[in-house]
Amino acid sequence: MFPLRDDNPHFLTPVVTYALIAANVLAWALLQGFGTEPALSRSVCELGLTPGELLQTAVAGARVPVSETAVCIVTDMPSWFTPLTSMFMHGSWMHLIGNMWFLWIFGNNVEDAMGHFRFVLFYLLCGISAAALQTALDPNSVIPMVGASGAIGGVMGAYVLMYPRVHVHLFVFLGFYATTFAVPAYFMLGYWFLVQLVSGSIAIGAQGGGVAFWAHVGGFVAGALLSLVFRNREMLARHPYYGWKQQAAPTQKWGRVQR
């Protein structure tokens, strides 16, 4: 299921959402060379989060292949900045595009309910929380972790708590059959969370690279909980579909409605 759009108007121009997307794209271009080598491997090794290196549980000097021609070398100097920098790094074009698309769909309404400054802090805390859970559950890993999906998982956790009934339009491709339909946000995002939870449970103890499912879970749960603190009730109340009770349609007194 791939989200196409939601039926949720927003009232503020989502400048932080735009800025976060721009920051990720710029990092992909300037630090990761649009996914070309050696820039991609160097950025993953130096700016990605390696749990075993951060916690000093891995053997210094361990060599970790990240491509056919490049390896990361675990050092005895933990890079404390990597929980932050790793959420702006990506592993491929599809990794970047998928993450930015989800941020585009769901970020504007969460920013709308929090305000710009609160949303920046919320987003970063979700990303750090996501990295913390993945690190806690795999503290000896020497595989670098990159991607914004933990932070964006937090955005989705906040979204489903604030706008559970909003319809999300999905594209579904089943090999020989493709269609579009709309479902409530709690169904689409609840399904996404369940997939991460089950996949993460299956992947516990697995060796090698892959998807950091527990980062997704940690981000989602953190986002849902943090939204209770960061949301602005007056700003949230402007939305016609917040909470479980459908509200009246927005009026012009709230300002210009953007879709």
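From a predicted model like this one, the values you see are computed outputs, not experimental measurements.

About the thresholds
- Residues numbered from 1 in each chain as written.
- Predicted model: local features only at pLDDT ≥ 70, side-chain atom pairs only at ≥ 80, totals over all residues.
- Heavy atoms only, no water.
- Helix = DSSP H or I, 4+ residues; strand = E, 2+ residues; numbered from the N terminus.
- Rg over C-alpha atoms; globule rule 2.2 N^0.38 Å.
- Buried < 20%, exposed > 50% of the residue type's maximum accessible area, 1.4 Å probe, protein only.
- Contact = heavy atoms within 4.5 Å.
- Areas by Shrake-Rupley, 256 points an atom, 1.4 Å probe, with all protein chains shown as cover.
- Lys, Arg positive; Asp, Glu negative; His and termini not counted.
- Charge placed at Lys NZ, Arg CZ, Asp CG, Glu CD.
- Core = buried A, V, L, I, M, F, W, Y, C linked by side-chain atoms within 4.5 Å.
- pLDDT = per-residue confidence, 0-100.
- Axes fitted to C-alpha atoms, helices over the stretch in contact; angles between N-to-C directions.
- Left-handed = near helix turned anticlockwise from the far one by under 90°.
- Nonpolar A, V, L, I, M, F, W, Y, C, P; charged D, E, K, R; others polar.
- Salt bridge = Lys/Arg side-chain N within 4 Å of Asp/Glu carboxyl O.

1. Thoughts on the overall build of the protein
Here's step 1: The helix and strand tally for the protein stands at 10 helices and five strands.
Here's step 2: Relative to a compact globule of 259 residues, whose C-alpha radius of gyration would be 18 Å, the protein shows 19 Å and is just as compact.
Here's step 3: Each of the three principal axes of the protein carries a C-alpha extent, and together these read 60 × 45 × 30 Å.
Here's step 4: A buried classification covers 48% of the 259 residues belonging to the protein.
Here's step 5: Expressed as a percentage of contacts within the protein between residues at least 6 apart in sequence, the contacts between residues at least 24 apart total 77%.
Here's step 6: Carbon and sulfur atoms make up 67% of the accessible area of the protein, which amounts to about 12900 Å² in all.
Here's step 7: Side chains of the protein give 12 positive and 11 negative charges; the mean places of these two sets differ by 18 Å.

2. Concerning the nonpolar core
Here's step 1: Among the nonpolar cores identified, the biggest contains 51 residues, and Phe-106, Val-110, Phe-122, Tyr-123 and Leu-189 are the most heavily contacted of them.
Here's step 2: Secondary-structure elements contributing two or more residues to this core are α1 (15-31), α2 (39-47), α5 (93-114), α6 (116-137), α7 (149-162), β4 (167-173), α8 (185-203) and α9 (213-230).
Here's step 3: Looking at which element gives the most residues to this core, the answer is α5, with nine residues.
Here's step 4: Core analysis: the next-biggest nonpolar cluster, separate from the first, contains seven residues, Ala-131, Met-145, Ala-212 and Ala-215 among them.

3. Focus on the confidence of the model for the protein
Here's step 1: When the pLDDT values of the protein are averaged, the result is 91; 92% of them are 70 or greater.
Here's step 2: Helix α10 (residues 233-237) is the least confidently modelled element of the protein, averaging 89 in pLDDT, while α1 averages 98, the highest of any element.
Here's step 3: For residues 247-259, every residue scores under 50 in pLDDT, and the model assigns this stretch 25 contacts once sequence neighbours within four places are set aside.

4. Things to note about the packing of α7 against α8
Here's step 1: Where α7 meets α8, the axes come as close as 10 Å, and the angle between the chain directions of the two elements is 145°. As α7 packs across α8, the resulting crossing turns out to be left-handed. Along the contact surface, α7 presents Gly-153, Met-156, Tyr-159 and Val-160, while α8 presents Ala-185, Tyr-186, Leu-189 and Trp-192.
Here's step 2: Counted by class, the contact of α7 with α8 contains seven nonpolar, one polar and no charged residues.

5. What about the pattern of salt bridges?
Here's step 1: In total, this model carries two salt bridges according to the counting rule given.
Here's step 2: As a salt-bridge pair, Asp-7 and Arg-5 come within 2.8 Å of each other at their nearest N and O atoms.
Here's step 3: Residue Asp-7 is classed as partly exposed on the basis of its relative accessible area of 26%.
Here's step 4: A residue is classified by how much of its surface remains accessible, and Arg-5, at 44% relative accessible area, is partly exposed.
Here's step 5: The partner of Asp-112 in a salt bridge is Arg-238, and the shortest N-O contact between them spans 3.7 Å. Linking Asp-112 in helix α5 with Arg-238 in the segment after α10, this pair joins segments that are 126 residues apart in sequence.
Here's step 6: The exposure class assigned to Asp-112 is buried, which follows from its relative accessible area of 1%.

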